[in-house]
Structure formats: structure tokens, C-alpha cells
Amino acid sequence: VQLQASGGGLVQAGGSLRLSCAASGNIVGINVMNWYRQAPGKQRELVGRITSADSTNYADSVKGRFTISRDNAKNTVYLHMDSLKPEDTAVYYCNAQVMTDILVNYWGRGTLVTVSS
């Protein structure tokens, strides 16, 4: 199983970006899908998550600005980011609990988001 994140880039403050993370491989199902981020010199933090029932929750720092959704047919999770701030600059990682013959936690390689002021 592989997770491939994409959609990062350079954006001005106040702008928007949409990240995607597609899972591929011998997948029976996917439970929780998460987005994390790691800014330079800081620890990785949870941005938000979406369950298999489409229940979401978010870090306080992104509530009202970021939205997570998923397309189960495509085994893909999205992170739509609005009203971006320079402090949102980070490498964004997706993470998913994937059921093959067992349940395993997988990480994507990360995609860089840079927000200029």
C-alpha cells in the first residue's frame, strides 16, 4: 500500500490550496484518514481527520479555514485550505488506517505548502 500526497505549492496569504492523498495497493478498506503537518523546527501536529463515517475534527488553529473530505471510491482524502496564513507553512502528510488482510497505519511522503506574507 502506498499513499501519494499532492497539491502543495506556494500561495499568498489569504489564498487557497487543495491537497490530495490517494491510497493505492491491495486495499480492502480505509478507516480513519488524517492530515498532519510539520513546520520547520517544530513537531509534527495533527491538522484534522475524517472517519469512515465522514465524521471530521480539526485542530483549533485551522477550524473554519480547512475542510477534510474523502472519496471512498478513489481511496482518496482531500484537504481544502482557505484563508491561508504564513504560519500554515509546513510539509503536510497524510496518514491512513488501511485494511488489507490486517489493519496497518500508513504514511504518505508529504507535500510542501509555503504561504507568503
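Before reading on, note that the structure itself is shown above.
Per chain, residue numbering runs from 1 following the sequence as it is written. Owing to the predicted nature of the model, reporting of local features is limited to residues with pLDDT of at least 70; listing and counting of side-chain atom pairs is limited to 80 or more, with chain, interface and lining totals taken over all residues. Remark: hydrogens and water are excluded; side-chain values derive from all non-hydrogen atoms of the structure.

Visitor: Outline the overall build of the protein chain, supporting the account with residue identities and numerical values.
Guide: Counting its secondary structure elements, the protein chain contains 0 helices and 11 strands. The helix count covers DSSP runs of H or I at least four residues long, the strand count covers runs of E at least two residues long, and both are numbered beginning at the N terminus. Counting from the amino terminus, the protein chain carries its helices and strands in the arrangement β-β-β-β-β-β-β-β-β-β-β. Relative to the compact-globule value of 13 Å for 117 residues, the protein chain shows a C-alpha radius of gyration of 14 Å, a close match. Based on the C-alpha atoms only, the size of the protein chain along its principal axes is roughly 45 × 25 × 25 Å. Only protein chains enter the accessibility calculation, which uses a 1.4 Å probe. A residue is then buried if its area is under 20% of the maximum for its type, exposed if over 50%, and partly exposed in between. For the protein chain, buried positions account for 39% of its 117 residues. When contacts within the protein chain are restricted to residue pairs at least 6 apart in sequence, those whose partners lie at least 24 apart make up 52%. Note on areas: Shrake-Rupley, 1.4 Å probe, and residue coverage restricted to the protein chains presented here. Accessible surface for the protein chain amounts to roughly 6200 Å². Of this, 46% is attributable to carbon and sulfur atoms. When we talk radius of gyration, it's over C-alpha atoms, and the globule rule is simply 2.2 Å times the number of residues to the 0.38. Two residues qualify as a contact provided that any one of their heavy atoms is within 4.5 Å of a heavy atom in the partner residue.

Visitor: So, the environment of Leu3: which residues are in play, and what are the values?
Guide: Positionally, Leu3 belongs in strand S1 (residues 2-6). Among the residues examined, Leu3 registers a relative accessible area of 6% and is labelled buried. Sequence separation between Leu3 and Val104 is 101 residues; the distance between their C-alpha atoms is 12 Å. Here Leu3 is in contact with Cys21, Ala22, Ala23, Cys94, Asn95, Ala96, Tyr106, Trp107, Gly108 and Arg109, once residues within four sequence places are set aside.

Visitor: Give me the lowdown on the nonpolar core, citing residues and values where you can.
Guide: Formed by 29 residues in total, the largest nonpolar core has its most connected members in Trp35, Phe66, Leu79, Met81 and Tyr92. Those elements that provide at least two residues to this core are S1, strand S3 (17-24), strand S4 (29-38), strand S5 (45-50), strand S7 (66-71), strand S8 (76-81), strand S9 (90-99) and strand S11 (111-116). Considering each element in turn, this core owes the most residues, 5 residues, to S9. Aside from chain neighbours lying at most four places away, what touches Met81 is Gly15, Ser16, Leu17, Leu19, Arg65, Phe66, Tyr92 and Val113. Buried residues of nine kinds, namely Ala, Val, Leu, Ile, Met, Phe, Trp, Tyr and Cys, make up a nonpolar core once their side-chain atoms join them within 4.5 Å.

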